[in-house]
Amino acid sequence: MKITDLLKPEAITLGLDVSSRGDVINALVGLHAAAGSLSDKDAYKAAILEREAQGTTAVGDGIAVPHAKTKAVKYPALSAVTVRGGVDFGAPDSKPSDLFFMIAAPQDSNDYLEILSRLMIMLMDGDFAAALRKAQTPQDFLRVIDECEKAKYPESGGRGEPSRAHRVLAVTACPTGIAHTYMAAEALEKAGERLGCTVKCETNGSGGVKNRLTQKEIEECDGIIVAADKNVDMARFGGKRVLKVSVSAGINRPEELINKILHGEAPVYLGKGGEAPDASPAENEGFGRRVYKHLMNGVSHMLPFVVGGGVLIALGFLIDSLSGAPAGPQLGYTNPAAAVVFWIGKAAFALMLPVLSAYIASSVADRPGLLPGFVGGVFASSGYTFNSLIENKDLAGDPTAVSGFLGALIAGFAAGIIMLGIKKAFSFLPKSMQGVKPVFLYPVFGTLLMGVLMCVINPVVGLLNTALTNGLTALGSTSRLLLSVVLAAMMAIDMGGPFNKAAYVFGTAMLTDASVQNDWIMAAVMVGGMVPPIAIALATTLFKNRWNEQELKSGPVNYVMGLCFITEGAIPYAASDPLRVIPACIVGSGVSGAVSALFGCSLPAPHGGIFVFPVVENVLGYIAALAAGSVAGCLMLALLKKKRTHRLARAE
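Everything quoted here is computed from the prediction, not taken from an experiment. (Residues numbered from 1 in each chain as written. Predicted model: local features only at pLDDT ≥ 70, side-chain atom pairs only at ≥ 80, totals over all residues. Heavy atoms only, no water.)

A. The overall build of the protein, seen in detail. When its secondary structure is counted, the protein shows 26 helices and 11 strands. For the protein, with 652 residues in total, the buried portion stands at 53%. Within the protein, residue pairs in contact and separated by at least 24 positions form 73% of the contacts whose partners lie at least 6 positions apart. (Helix = DSSP H or I, 4+ residues; strand = E, 2+ residues; numbered from the N terminus. Buried < 20%, exposed > 50% of the residue type's maximum accessible area, 1.4 Å probe, protein only. Contact = heavy atoms within 4.5 Å.)

B. The pattern of salt bridges, seen in detail. Scanning the entire structure with this criterion turns up 13 salt bridges. Among the ionic pairs, E220 bridges to K216, the shortest N-O distance being 2.7 Å. Taken together, the positions of E220 and K216, both in helix α8 (residues 215-220) and four residues apart, correspond to about one turn of that helix. Here the two residues E220 and K216 agree in accessibility, since each one is exposed. A salt bridge links E256 to R253, with the nearest nitrogen and oxygen atoms 2.8 Å apart. Residue classification places E256 among the partly exposed positions, given a relative accessible area of 35%. (Salt bridge = Lys/Arg side-chain N within 4 Å of Asp/Glu carboxyl O.)

C. Inspection of helix α18 (residues 480-493) at higher detail. If you check α18, its first and last C-alpha atoms are 20 Å apart, about what 14 residues at 1.5 Å a residue would give, namely 20 Å. Phi turns positive, to about 50°, at M495, one or two residues after α18. (Expected span 1.5 Å × (residues − 1).)

D. Up close: unusual backbone geometry. Here the phi dihedral of D61 falls at roughly 55°; this positive angle occurs in a residue that is not glycine. With respect to the secondary-structure elements, D61 resides in the loop between β2 (58-60) and β3 (63-64). Look at S94: it is not a glycine, yet its phi comes out positive at around 65°. Checked against the element boundaries, S94 lands in the loop between β5 (77-87) and β6 (97-106). Judged by its relative accessible area of 67%, S94 falls in the exposed class.

E. Inspection of the packing of aromatic side chains at higher detail. Tallying each qualifying case throughout the model produces 10 aromatic pairs. Between F89 and F100 the ring centres are 5.1 Å apart and the planes differ by 70°, which places this aromatic pair in the edge-to-face class. Linking F89 in the loop between β5 and β6 with F100 in strand β6, this pair joins segments that are 11 residues apart in sequence. According to the relative accessible area criterion, F89 is buried, its value standing at 0%. Both rings, one in F613 and one in Y622, keep their centres 5.3 Å apart while their planes meet at 70°; by these two values the pair is edge-to-face. Both residues of the pair, F613 and Y622, count as buried. Among the aromatic residues, those joined into a ring-pair cluster are Y333, F342 and W343. Over the ring of F89 we find R21; its NZ or CZ atom is 4.8 Å from the centre of that ring. Between K641 and the ring centre of W547, over which it is positioned, the NZ or CZ distance is 4.9 Å. (Phe/Tyr/Trp six-rings, centres within 6.5 Å; stacked < 30°, edge-to-face > 60°. Lys NZ or Arg CZ within 6 Å of the ring centre and 35° of its normal.)

F. Seen up close, the side chain of N204. Locating N204 in the fold gives a position in strand β8 (residues 199-205). By relative accessible area, N204 is classed as buried at 11%.

G. Geometry of the pairing of strand β10 (residues 223-228). Counting buried positions along β10 gives six out of six residues, so the element sits mostly inside the fold. The side-chain alternation of β10 yields two buried faces, one formed by G223, I225 and A227 and the other by I224, V226 and A228. The sheet contact formed by β10 and strand β11 (residues 242-245) spans four bridges and is parallel. Among the inter-strand pairings, V226 is bridged to a residue of β11, identified as K244. (Pairing = 2+ DSSP bridges.)

H. Local environment of the packing of helix α7 (residues 180-195) against helix α10 (residues 254-262). With their axes 9 Å apart at the nearest point, α7 and α10 run at an angle of 65° to one another. In terms of crossing hand, the pair formed by α7 and α10 is right-handed. Counted together, A187, L188, A191, G192, R194 and L195 of α7 and P254, E255, I258 and N259 of α10 form the full contact between these two elements. Its residues assigned to classes, the contact of α7 with α10 shows six nonpolar, two polar and two charged. (Axes fitted to C-alpha atoms, helices over the stretch in contact; angles between N-to-C directions. Left-handed = near helix turned anticlockwise from the far one by under 90°. Nonpolar A, V, L, I, M, F, W, Y, C, P; charged D, E, K, R; others polar.)

I. Fine view of the environment of I145. Tracing the backbone shows I145 in helix α6 (residues 138-152). For I145, a relative accessible area of 0% translates into the label buried. Separated by 143 residues in sequence, I145 and K2 have C-alpha atoms that sit 9.6 Å apart. Setting aside chain neighbours within four positions, we find I145 in contact with I3, T4, L7, F101, M122, F128 and L132.

J. A look at the side chain of S630. Position of S630 among the secondary structure elements: in helix α25 (residues 619-640). Setting aside its immediate chain neighbours within four residues, S630 contacts V531, I534, A535 and L538.

K. Just the confidence of the model for the protein, in detail. When pLDDT is averaged along the protein, the result is 82, and 85% of the positions lie at 70 or above. Within the protein, the lowest mean pLDDT, 43, falls on helix α26 (residues 644-649), and the highest, 95, falls on α25. Segment residues 272-284: pLDDT under 50, and 40 contacts once partners within four positions in sequence are set aside and those in other chains are kept. In the predicted structure, residues 645-652 sits below a pLDDT of 50 and forms 13 contacts with residues beyond four places in sequence or in another chain. (pLDDT = per-residue confidence, 0-100.)

L. Region of the structure containing the packing of helix α13 (residues 352-365) against helix α14 (residues 370-382). At a closest axis distance of 7 Å, the pairing of α13 and α14 adopts a crossing angle of 150°. Relative to α14, α13 is oriented so that their crossing is right-handed. Residue-level inspection shows L353, P354, V355, S357, A358, Y359, A361 and S362 of α13 in contact with α14, the latter providing L370, G373, F374, G376, G377, V378 and S381.

M. Layout of the environment of A130. In this structure, A130 sits in helix α5 (residues 126-134). By relative accessible area, which is 29% here, A130 ends up partly exposed. Remark: the alpha-carbon pair of A130 and L99, spanning 31 residues in sequence, is separated by 9.4 Å.

N. Structural context of the environment of F101. By the element assignment, F101 lies in strand β6. In this view, F101 contacts L7, A64, V65, P66, S79, A80, L119, L123, L132, F141 and I145; residues no more than four positions away in its chain are not counted.

Have a look at this one:
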């Protein structure tokens, strides 16, 4: 395959007369649509704008390469335009861009990536770019590309491994791994040639790691340039000089970066065993963005546990219900087959919070953060306190001090910060002691400090639980409707955290009080907990342009989780956008609680979701309450979460 196989004459426009960034994007998207490479033009444009929102795809010298990888693309293709006078595309050198290639990449194929990397490399040649600008017809344009490709890649194509010793190594990576990854690698290698030293670049692209650095090369080099806008494997660089910058810096300032390595101006990376570098974070990355990346690292690793464990728990409910087991606390594990499936799911589900906190911590402090992060998550989910550790011999936590989702979030960031502090505290140790730190000092002190901190945090959250329960008890004597709304809404506030647990504990406690008929309280609690996952599933089904690809893929699973009363299915969505998702879910759950109270619904079972609907009093009214709350939550999500196209278009 050649570059010209991806670029058709009908997808090229020369001498375009436009004045804005948006006009260029519209023209390039239109060329792709006209050439037949797209199945959904609007979805593809939204993906292009989303990529632009992450950072401009202009690379300087008048060149820009907007690109997107999405299922809206039928097959890999290119479109190209030249623009008279150029337009402001946010280039790093502040110059207008007049030569554009737009890459349309399908979601599930990487076969074309090597071909695209050739184009990115060729564009770094000033003579090649100048020849493209001078082309008078699409055929001339294609001829220039074909001739250059044949000259640069006569037979094999693709970058090979240089045979000379490498004084400077580099790793390049961008969020999508299509264009900037390879352009930065080419820029660094060419700058190395001009400076008289060889540079070997490892590319972390969509097709995986290419030209991987060997341990021998790392040991013998003068230093490593990490030009990346996403996390790469850093543990292997311990004890070497490492310069960590953005991928755009690798494209635009390669000689400066190489000189810093050659002159010994890069900081030594004290990361043997996984420690984070001493160098400052990647350029142009603000505090909020770093926090978000840490949070998403935890959420992405947690998601399989939520889905796998939640679905298996639901399957246990189903098997037990079909076998005739009565509604009650034992539903899900009365039948032997149901019990096996149910408890396997519970085991996976129990790891959800420890995994969340561990991978937040590892994102903050690299590999040493994993252990204290896991410990913090276990403490948050188990409710360990100083008293429970001293008095109990079987590690039974205090059920009133379970801090849940909120505690795991706190634990993740706290563990990362603790580990960064420990690293700094032991930085005085001589180089001969470097190997002792990651295998002994960090695990011991990190685990101890994390455990002590969580023993302080959990009782505080426990007091919050007690206060909430007391407040609910007082409210219950005032208004049935108001209490139903409050309890249902609380189930959506933190989805397994102290507010959720306080409402649920209050509901189950009322079931055990034989002196008064309080089954209506449990009905409001359960329907409020079922709404958030279903509302999110509905929103991902009906309003697809509010969500990213991963959220859309995981959305349907939340139908199952919601119907099975597994509120935690909504946690990944709430964690990624809490200011919009949580209020929407609260409104939906509150509506369901109100409708449940108005229809006089009651429920004698403490859990089970749809599997206990047969024992609900006024089950049709209860179904109406669930539907009303789910629709209300879905509509609130559609209202609060702006269309990704509109939100990203403002980045132009």
